[in-house]
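# Examining the three-dimensional arrangement
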Amino acid sequence: MLRIAVLVSGKGSNFKAILEHITAGRINAEVALLLSNVPAAPAVAIAREAGIPVWAKSHKDFPSRAAFDEAMLDAMRESGVDAVILAGYMRLLSPGFIRAYRGKILNIHPSLLPAFSGVSGGADARDYGVKLAGCTVHFVVEDLDAGPVIIQAAVPVRDQDDTPTLMRRIHSLEHRVYPQAIAWFAENRLVAEGRVVRLLPGVDEPAVAAVIADGLPALVHPPLERGF
Ligand code: GAR
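The structure contained in this document is the topic of the report that follows. (Residues numbered from 1 in each chain as written. Predicted model: local features only at pLDDT ≥ 70, side-chain atom pairs only at ≥ 80, totals over all residues. Heavy atoms only, no water.)

## Considering the site of the ligand
With respect to spatial proximity, 13 residues lie near the ligand, and among them G12, S13, N14, H171 and E174 are the closest. In this structure, K11 approaches the ligand through a main-chain N or O atom, which is 3.3 Å from an oxygen atom. A distance of 3.5 Å separates an oxygen atom of the ligand from a polar backbone atom of P110. The cavity where the ligand resides is the largest pocket. Contributions of two or more residues to the shell around the ligand are made by α1 (13-23), β5 (105-109) and α6 (163-186). Residues belonging to the shell around the ligand are distributed by class as follows: three nonpolar, eight polar and two charged. (Near = heavy atom within 4 Å. Polar contact = N/O pair within 3.5 Å; in protein donor to acceptor, adjacent residues only side chain to side chain. 1 Å grid on protein atoms, 1.4 Å probe; cavity = no way out; pocket = protein on both sides within 12 Å on 5 of 7 lines; lining within 4 Å. Sits in = over half its atoms within 2 Å of the grid points. Helix = DSSP H or I, 4+ residues; strand = E, 2+ residues; numbered from the N terminus. Nonpolar A, V, L, I, M, F, W, Y, C, P; charged D, E, K, R; others polar.)

## With respect to the layout of surface pockets
Considered as a void within the structure, the largest pocket measures approximately 760 Å³ in volume. Along its surface, the largest pocket is lined by 38 residues, and G88, Y89, M90, N107 and I108 are the ones closest to its centre. In terms of residue class, the lining of the largest pocket is made up of 16 nonpolar, 15 polar and seven charged. Here the second largest pocket is characterised by a volume of approximately 170 Å³. Taken together, R26, Q180, E187, R189, G202, V203, E205, E225, R226 and F228 form the lining of the second largest pocket. Residues belonging to the lining of the second largest pocket are distributed by class as follows: two nonpolar, two polar and six charged. (Points joined across faces, edges and corners; volume = space filled by probe spheres on them.)

## Digging into helix α3 (residues 65-78)
For α3, built from 14 residues, the straight-helix expectation of 20 Å at 1.5 Å per residue is met to within 8% by its first-to-last C-alpha distance of 20 Å. Turning to α3, its buried residues number three or more, namely F68, D69, A71, M72, L73, A75 and M76. Against the buried residues of α3 lie β1 (2-8), β2 (29-36), β3 (54-56), β4 (83-86) and α4 (95-100). Looking one or two residues past α3, G80 carries a phi angle of roughly 65°, positive in sign. (Expected span 1.5 Å × (residues − 1). Buried < 20%, exposed > 50% of the residue type's maximum accessible area, 1.4 Å probe, protein only. Contact = heavy atoms within 4.5 Å.)

Below, the structure written as C-alpha coordinates:
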(Lines give C-alpha, C1' and ligand atoms only; values in the text may rest on other atoms or scores of the structure.)
Protein backbone atom coordinates (compact mmCIF):
# COMPACT_ATOMS: atom_id res chain seq x y z
CA MET A 1 0.00 0.00 0.00
CA LEU A 2 1.25 3.49 -0.91
CA ARG A 3 2.58 5.37 2.10
CA ILE A 4 1.86 9.07 1.68
CA ALA A 5 3.02 12.17 3.49
CA VAL A 6 0.53 15.04 3.54
CA LEU A 7 1.91 18.59 3.84
CA VAL A 8 -0.40 21.27 5.21
CA SER A 9 -0.31 24.86 6.43
CA GLY A 10 -3.95 25.68 7.14
CA LYS A 11 -7.48 24.53 7.66
CA GLY A 12 -7.06 21.00 6.40
CA SER A 13 -10.39 20.55 4.63
CA ASN A 14 -8.68 18.75 1.73
CA PHE A 15 -6.72 16.59 4.13
CA LYS A 16 -9.99 15.68 5.87
CA ALA A 17 -11.63 14.74 2.56
CA ILE A 18 -8.61 12.58 1.64
CA LEU A 19 -8.74 10.83 5.04
CA GLU A 20 -12.44 10.09 4.60
CA HIS A 21 -11.83 8.44 1.23
CA ILE A 22 -8.93 6.42 2.64
CA THR A 23 -11.08 5.25 5.57
CA ALA A 24 -13.85 4.30 3.13
CA GLY A 25 -11.36 2.16 1.21
CA ARG A 26 -11.53 4.24 -1.97
CA ILE A 27 -7.84 5.25 -1.94
CA ASN A 28 -5.31 2.44 -1.66
CA ALA A 29 -2.91 4.41 0.54
CA GLU A 30 -2.21 5.25 4.13
CA VAL A 31 -1.09 8.53 5.63
CA ALA A 32 2.29 7.64 7.08
CA LEU A 33 3.02 11.19 8.26
CA LEU A 34 1.36 14.61 8.37
CA LEU A 35 3.84 17.47 8.13
CA SER A 36 3.24 21.14 8.72
CA ASN A 37 5.20 24.37 8.87
CA VAL A 38 2.41 25.81 11.06
CA PRO A 39 2.20 23.80 14.30
CA ALA A 40 -1.05 25.54 15.35
CA ALA A 41 -2.81 24.84 12.03
CA PRO A 42 -6.26 23.21 12.37
CA ALA A 43 -5.03 20.56 9.90
CA VAL A 44 -2.49 19.40 12.50
CA ALA A 45 -5.26 18.96 15.08
CA ILE A 46 -7.25 16.85 12.59
CA ALA A 47 -4.26 14.54 12.17
CA ARG A 48 -3.70 14.18 15.91
CA GLU A 49 -7.36 13.36 16.46
CA ALA A 50 -7.14 10.71 13.76
CA GLY A 51 -4.06 9.18 15.41
CA ILE A 52 -1.80 10.01 12.47
CA PRO A 53 1.89 10.64 13.19
CA VAL A 54 2.65 14.38 13.04
CA TRP A 55 5.79 16.37 12.29
CA ALA A 56 4.97 20.03 12.84
CA LYS A 57 7.64 22.70 13.17
CA SER A 58 7.74 26.36 12.28
CA HIS A 59 9.97 27.10 9.31
CA LYS A 60 10.99 30.27 11.17
CA ASP A 61 13.09 28.12 13.51
CA PHE A 62 15.30 26.96 10.63
CA PRO A 63 18.15 28.90 9.00
CA SER A 64 16.93 28.39 5.42
CA ARG A 65 14.24 26.86 3.23
CA ALA A 66 16.67 24.10 2.27
CA ALA A 67 17.38 23.28 5.94
CA PHE A 68 13.66 23.10 6.75
CA ASP A 69 12.96 20.90 3.73
CA GLU A 70 15.89 18.62 4.61
CA ALA A 71 14.41 18.14 8.08
CA MET A 72 11.07 17.22 6.49
CA LEU A 73 12.83 14.78 4.17
CA ASP A 74 14.58 13.12 7.12
CA ALA A 75 11.26 12.66 8.92
CA MET A 76 9.63 11.31 5.76
CA ARG A 77 12.43 8.82 5.12
CA GLU A 78 12.13 7.60 8.70
CA SER A 79 8.42 7.01 8.12
CA GLY A 80 9.00 5.18 4.85
CA VAL A 81 7.09 7.70 2.74
CA ASP A 82 6.60 6.84 -0.97
CA ALA A 83 4.76 9.95 -2.19
CA VAL A 84 3.89 13.48 -1.10
CA ILE A 85 0.49 15.17 -1.14
CA LEU A 86 0.44 18.97 -0.81
CA ALA A 87 -2.90 19.94 0.71
CA GLY A 88 -2.82 23.68 1.29
CA TYR A 89 0.93 23.74 1.93
CA MET A 90 1.64 27.41 1.40
CA ARG A 91 5.41 27.38 0.98
CA LEU A 92 7.61 26.82 -2.02
CA LEU A 93 9.50 23.56 -1.91
CA SER A 94 13.25 23.62 -2.44
CA PRO A 95 14.72 21.97 -5.56
CA GLY A 96 16.36 19.33 -3.33
CA PHE A 97 12.99 18.28 -1.90
CA ILE A 98 11.42 18.04 -5.35
CA ARG A 99 14.39 16.01 -6.66
CA ALA A 100 14.03 13.54 -3.79
CA TYR A 101 10.42 12.73 -4.75
CA ARG A 102 10.37 13.60 -8.45
CA GLY A 103 7.14 12.54 -10.12
CA LYS A 104 5.70 11.60 -6.75
CA ILE A 105 4.51 14.97 -5.45
CA LEU A 106 0.92 16.10 -6.10
CA ASN A 107 -0.60 19.51 -5.45
CA ILE A 108 -4.08 21.02 -5.58
CA HIS A 109 -4.51 24.60 -6.69
CA PRO A 110 -7.73 26.68 -6.61
CA SER A 111 -7.70 27.84 -10.25
CA LEU A 112 -7.71 26.50 -13.77
CA LEU A 113 -3.94 26.46 -14.28
CA PRO A 114 -1.94 27.94 -15.91
CA ALA A 115 -4.16 30.93 -15.04
CA PHE A 116 -3.86 32.42 -11.57
CA SER A 117 -0.95 30.51 -10.08
CA GLY A 118 0.38 31.67 -6.72
CA VAL A 119 -0.98 31.97 -3.22
CA SER A 120 -4.49 33.33 -3.94
CA GLY A 121 -5.62 31.68 -7.17
CA GLY A 122 -9.35 31.68 -6.37
CA ALA A 123 -9.49 35.31 -5.27
CA ASP A 124 -7.37 36.40 -8.24
CA ALA A 125 -9.74 34.65 -10.68
CA ARG A 126 -12.76 36.32 -9.05
CA ASP A 127 -11.10 39.76 -9.17
CA TYR A 128 -10.12 39.26 -12.81
CA GLY A 129 -13.77 38.64 -13.67
CA VAL A 130 -13.50 35.21 -15.28
CA LYS A 131 -16.79 33.41 -15.98
CA LEU A 132 -15.40 29.95 -15.23
CA ALA A 133 -13.24 29.28 -12.20
CA GLY A 134 -12.14 25.96 -10.76
CA CYS A 135 -9.30 23.86 -9.47
CA THR A 136 -6.40 21.77 -10.77
CA VAL A 137 -4.50 18.78 -9.42
CA HIS A 138 -1.02 18.54 -10.88
CA PHE A 139 2.38 16.97 -10.41
CA VAL A 140 4.87 19.30 -8.76
CA VAL A 141 7.97 20.50 -10.59
CA GLU A 142 10.50 23.17 -9.66
CA ASP A 143 8.49 26.00 -11.30
CA LEU A 144 5.54 27.22 -9.22
CA ASP A 145 2.19 25.57 -10.10
CA ALA A 146 3.62 24.54 -13.48
CA GLY A 147 3.71 20.72 -13.38
CA PRO A 148 1.76 18.30 -15.61
CA VAL A 149 -2.00 18.47 -15.03
CA ILE A 150 -3.85 15.40 -13.70
CA ILE A 151 -7.45 16.60 -13.38
CA GLN A 152 -9.31 19.89 -13.61
CA ALA A 153 -12.78 21.01 -12.55
CA ALA A 154 -14.54 24.13 -13.83
CA VAL A 155 -17.45 25.97 -12.19
CA PRO A 156 -19.41 29.07 -13.19
CA VAL A 157 -18.72 32.36 -11.47
CA ARG A 158 -21.94 34.28 -10.80
CA ASP A 159 -22.03 38.08 -11.00
CA GLN A 160 -22.96 38.24 -7.32
CA ASP A 161 -20.10 36.02 -6.16
CA ASP A 162 -17.53 37.42 -3.81
CA THR A 163 -14.33 35.57 -2.95
CA PRO A 164 -15.88 33.56 -0.05
CA THR A 165 -18.87 32.31 -2.08
CA LEU A 166 -16.67 31.40 -5.03
CA MET A 167 -14.11 29.69 -2.80
CA ARG A 168 -16.87 27.64 -1.16
CA ARG A 169 -17.83 26.33 -4.60
CA ILE A 170 -14.23 25.63 -5.56
CA HIS A 171 -13.56 23.87 -2.25
CA SER A 172 -16.54 21.56 -2.69
CA LEU A 173 -14.95 20.42 -5.97
CA GLU A 174 -11.45 20.18 -4.52
CA HIS A 175 -12.75 17.71 -1.94
CA ARG A 176 -13.82 15.40 -4.76
CA VAL A 177 -11.13 15.78 -7.43
CA TYR A 178 -8.13 15.56 -5.09
CA PRO A 179 -9.11 12.22 -3.50
CA GLN A 180 -9.89 10.94 -7.01
CA ALA A 181 -6.46 12.00 -8.34
CA ILE A 182 -4.70 10.39 -5.37
CA ALA A 183 -6.69 7.19 -5.89
CA TRP A 184 -5.56 7.07 -9.55
CA PHE A 185 -1.97 7.73 -8.50
CA ALA A 186 -2.10 4.99 -5.85
CA GLU A 187 -3.43 2.59 -8.50
CA ASN A 188 -0.49 3.48 -10.79
CA ARG A 189 -2.92 4.72 -13.44
CA LEU A 190 -1.25 8.07 -14.16
CA VAL A 191 1.36 8.10 -16.93
CA ALA A 192 3.13 11.38 -17.69
CA GLU A 193 4.28 11.71 -21.28
CA GLY A 194 6.10 15.03 -21.27
CA ARG A 195 3.54 17.54 -20.07
CA VAL A 196 0.56 15.33 -20.84
CA VAL A 197 -0.74 12.97 -18.17
CA ARG A 198 -2.64 9.97 -19.48
CA LEU A 199 -5.12 8.09 -17.28
CA LEU A 200 -4.98 4.32 -17.75
CA PRO A 201 -8.32 2.51 -17.62
CA GLY A 202 -9.28 0.91 -14.34
CA VAL A 203 -11.82 -1.72 -13.40
CA ASP A 204 -14.92 -0.58 -15.23
CA GLU A 205 -16.11 2.01 -12.69
CA PRO A 206 -18.99 4.06 -14.10
CA ALA A 207 -18.34 7.78 -14.12
CA VAL A 208 -20.33 10.12 -11.90
CA ALA A 209 -23.12 11.33 -14.19
CA ALA A 210 -23.35 14.99 -13.20
CA VAL A 211 -21.24 17.01 -10.83
CA ILE A 212 -23.00 19.78 -8.94
CA ALA A 213 -20.96 22.24 -6.93
CA ASP A 214 -22.86 24.41 -4.50
CA GLY A 215 -25.99 24.16 -6.66
CA LEU A 216 -24.25 24.88 -9.98
CA PRO A 217 -23.18 22.44 -12.72
CA ALA A 218 -19.46 21.71 -12.87
CA LEU A 219 -17.34 20.17 -15.59
CA VAL A 220 -14.71 17.69 -14.39
CA HIS A 221 -12.19 15.99 -16.62
CA PRO A 222 -11.16 13.19 -16.60
CA PRO A 223 -14.59 12.25 -15.19
CA LEU A 224 -14.91 11.31 -11.52
CA GLU A 225 -15.47 7.63 -10.91
CA ARG A 226 -18.20 6.26 -8.65
CA GLY A 227 -17.60 7.12 -5.00
CA PHE A 228 -15.83 10.43 -5.66
C1 GAR B 1 -7.07 24.93 -1.00
O2 GAR B 1 -8.06 25.73 -1.61
C3 GAR B 1 -5.92 24.70 -1.94
O4 GAR B 1 -6.33 24.63 -3.29
C5 GAR B 1 -5.08 25.91 -1.70
O6 GAR B 1 -5.13 26.09 -0.32
C7 GAR B 1 -6.42 25.67 0.16
C8 GAR B 1 -6.22 24.80 1.37
O9 GAR B 1 -7.44 24.56 2.02
N10 GAR B 1 -3.74 25.74 -2.15
C11 GAR B 1 -3.04 26.68 -2.77
O12 GAR B 1 -3.46 27.80 -2.97
C13 GAR B 1 -1.65 26.28 -3.21
N14 GAR B 1 -1.05 27.30 -3.99
P15 GAR B 1 -7.54 23.42 3.12
O16 GAR B 1 -6.44 23.66 4.15
O17 GAR B 1 -8.90 23.60 3.74
O18 GAR B 1 -7.39 22.10 2.46
